[in-house]
Amino acid sequence: MIQRRSAARIGILVGVLATTSLFFQCKDKNTTTADTDTEVVSQEETLLSGTLTMGVDESVFPIVEDVAILFENEYKKAKLNLLPKSEREVLNLLFSDSIRVAVLPRLMTEQEMEHYKGVVAPKQTHFASDAIVFVTSKTATDSIVDYTAILKQLEQGRVKEGDSFLVFDNYNSSVSAAFRKATGFDSFPKDYAYFLNTTEEVIDYVVKNPKAIGVIGLNWLTQPNEAIQKHIDAVKVLAVKNDADKQYYKPSQNNIAEGTYPLIRKLYVWDMQGKNGLGTGFASYIAGYKGQRIVLKSGLFPFNTPPREIVVTKEIK
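Residues numbered from 1 in each chain as written. Predicted model: local features only at pLDDT ≥ 70, side-chain atom pairs only at ≥ 80, totals over all residues. Heavy atoms only, no water.

Participant: Explanation requested: the overall build of the protein chain in the structure shown.
Facilitator: Summing up its helical and strand segments, the protein chain has 12 helices and 13 strands in all. A total of 317 residues make up the protein chain; the buried ones form 49% of that total. Long-range pairs, those at least 24 residues apart, make up 77% of the contacts in the protein chain between residues at least 6 apart in sequence. (Helix = DSSP H or I, 4+ residues; strand = E, 2+ residues; numbered from the N terminus. Buried < 20%, exposed > 50% of the residue type's maximum accessible area, 1.4 Å probe, protein only. Contact = heavy atoms within 4.5 Å.)

Shown next as structure tokens:
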């Protein structure tokens, strides 16, 4: 079960929003209330008001939650109910019309687009890029990994007992789906690939098992919750071989920006509301100036890199 952010974390985010607001004011005065403690009441949904339930791919939940906190803090009449789920669960909710807005680390396929043909024109807003990463216990001997070799092992299984093996966050996750797409296989050798339920479980498992290589989304390492934070010092991130130049790269913000890290993913808000509702408002916010500043501070790579504000004074202090 995913833990929510602590009160201290929320305070920091609100502080960031307050600082940002000194440089960039774009809020409509009519979207605020005089009493900051007033609860959101039932009302007609607009770009900046109403209630919206949004599915969020579990592997990128932290950044979406952070931006949602700031969005709600700024627009008091807006309420975002986030559902952290595996990719498959989010898609099932979308296609059953249980939700109409989601955040996923990829674009829609042609088949998925066909589902909405003649019904609504899906909007897909790119707001950031993150990465799929390999993590191990710090007691493990490995510090690098060959992605191409990993894919071959997913076809063949372990060479011998005692070799390293992979542990995925969830069989239905976007992370494991990316590897199924890369290999063309729906299932992997049971002696080489194991599936747990959440990223938290993967981190806990690799700390206790030096032969395990966890496969997760980068976002949980750059923005860990309390359950993961307590293990951060006990895990290490492996550098991955780039076949183009035969060099190994870690999933840093700079390597994502330059495209040298091999397993980069683009993050999108999918909006199937068919109107200018709260989904459109949130997508504009997370892809806008304030949202992009939060993405930058999170350690992921923003779609639009916010400019730095420089204050020039006549006197040297």
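Moving on from the coordinates now.
Participant: Explain the packing of aromatic side chains to me, please; I cannot follow it from the model alone.
Facilitator: One pair of aromatic rings is described through two measures. These are the centre distance and the angle between the planes. As enumerated under the stated definition, the model contains 14 aromatic pairs in all. Here the aromatic rings of F134 and F179 are separated by 6.1 Å at their centres, their planes lie at 85°, and the arrangement is edge-to-face. Of this pair, F134 sits in strand β4 (residues 123–137) while F179 sits in helix α6 (residues 174–183), and the two are 45 residues apart along the sequence. With respect to burial, F134 and F179 carry one shared label: buried. Counting every residue linked through ring pairs, the aromatic cluster contains F134, Y147, F168, Y171, F179, F188 and F195. (Phe/Tyr/Trp six-rings, centres within 6.5 Å; stacked < 30°, edge-to-face > 60°.)

Participant: I would appreciate a short explanation of the pairing of β4 in the present structure.
Facilitator: Along any regular strand the residues' side chains alternate between the sheet's two faces. Summarising burial for β4: 12 of the 15 residues are buried, a large majority. Across 8 bridges, the pairing between β4 and strand β12 (residues 264–271) is antiparallel. Note on β12: the bridge partner recorded for A131 is I264. Here 2 bridges tie β4 to strand β13 (residues 301–302), and the two strands are oriented antiparallel to one another. Within β13, the position partnered with A128 by the bridge is P302. Relative to strand β8 (residues 212–217), β4 is paired through 4 bridges, and the arrangement is antiparallel. Within β8, the position partnered with V135 by the bridge is G214. (Pairing = 2+ DSSP bridges.)

Participant: It is not clear to me how the packing of helix α2 (residues 61–74) against helix α12 (residues 289–298) should be interpreted in this structure. Could you clarify?
Facilitator: Packed helices, taken two at a time, are described by their axes: the angle between them and the distance between them. Relative orientation of the contacting elements α2 and α12 amounts to 145°, with a least axis distance of 10 Å. Every pair of crossing elements has a handedness; the one defined by α2 and α12 is right-handed. For the pair α2 and α12, the contacting residues are I63, D66, V67, L70 and E74 in the first and K290, I294, V295 and S298 in the second. Of the residues in the contact of α2 with α12, the class split is 5 nonpolar, 1 polar and 3 charged. (Axes fitted to C-alpha atoms, helices over the stretch in contact; angles between N-to-C directions. Left-handed = near helix turned anticlockwise from the far one by under 90°. Nonpolar A, V, L, I, M, F, W, Y, C, P; charged D, E, K, R; others polar.)

Participant: Help me understand the nonpolar core, please; the structure alone is not making it clear to me.
Facilitator: What tends to happen in soluble globular proteins is that the nonpolar side chains get buried as a cluster. F127, F134, L154, F179 and F282 are the most contacted members of the largest nonpolar core, which totals 67 residues. Of the residues that make up this core, three or more belong to each of domain 1 (50–113 + 121–129 + 266–302) and domain 2 (130–265). Membership of the second largest hydrophobic core comes to 12 residues, among which are A102, L104, Y116 and W270. (Core = buried A, V, L, I, M, F, W, Y, C linked by side-chain atoms within 4.5 Å. Domains from an automatic or database assignment.)

Participant: Sorry if this is basic, but what is going on with the sheet that holds strand β11 (residues 247–249) here?
Facilitator: Strands pair in a sheet through their backbones, by hydrogen bonds, and they do so in one of two ways: parallel or antiparallel. In spatial order, the strands read β5-β10-β11; together these 3 strands make up an open sheet with mixed pairing. On the outer flanks of this sheet lie β5 (144–145) and β11, each paired with one strand and no other. Both β5 and strand β10 (residues 239–242) contribute to a ladder of 2 bridges, which runs parallel. In the sheet register, I144 faces β10, and the bridge partner there is A239.

Participant: Is there a simple way to think about the confidence of the model for the protein chain in this case?
Facilitator: Detailed reading of the predicted model is not advised wherever pLDDT is low. Predicted confidence across the protein chain gives a mean pLDDT of 87, with 83% of residues reaching 70 or more. Below pLDDT 50 for its whole length, residues 20–41 participates in 29 contacts with residues either more than four positions away or in separate chains. (pLDDT = per-residue confidence, 0-100.)

Participant: Even after reading the chapter, I still don't get the pattern of salt bridges, so can you show me in this structure?
Facilitator: Where side chains of opposite charge bring their charged atoms close, a pairing between them can arise. In this structure the tally under the stated criterion is 7 salt bridges. The closest approach of N and O atoms between K290 and E74, which form a salt bridge, is 2.6 Å. In this pair, K290 is assigned in helix α12 and E74 in helix α2, connecting sequence segments 216 residues apart. Across the pair, exposure class does not vary: K290 and E74 are buried alike. Between R106 and E112 there is a salt bridge, and its shortest N-O distance comes to 2.8 Å. Residue E112 is classed as buried on the basis of its relative accessible area, which comes to 10%. Residues joined by salt bridges that share partners form a network here, namely E87, R106 and E112. (Salt bridge = Lys/Arg side-chain N within 4 Å of Asp/Glu carboxyl O.)

Participant: Would you mind showing me how to read the pairing of strand β1 (residues 50–57) here?
Facilitator: Where burial is concerned, most of β1 is hidden: 6 out of the 8 residues are buried. Both β1 and strand β2 (residues 78–85) contribute to a ladder of 8 bridges, which runs parallel. Bridged to D57 within β2 is K85. After leaving β1, the chain enters α2 and then returns to the sheet as β2, a path that is right-handed. (Right-handed = clockwise from strand over helix to strand, strands pointing away.)

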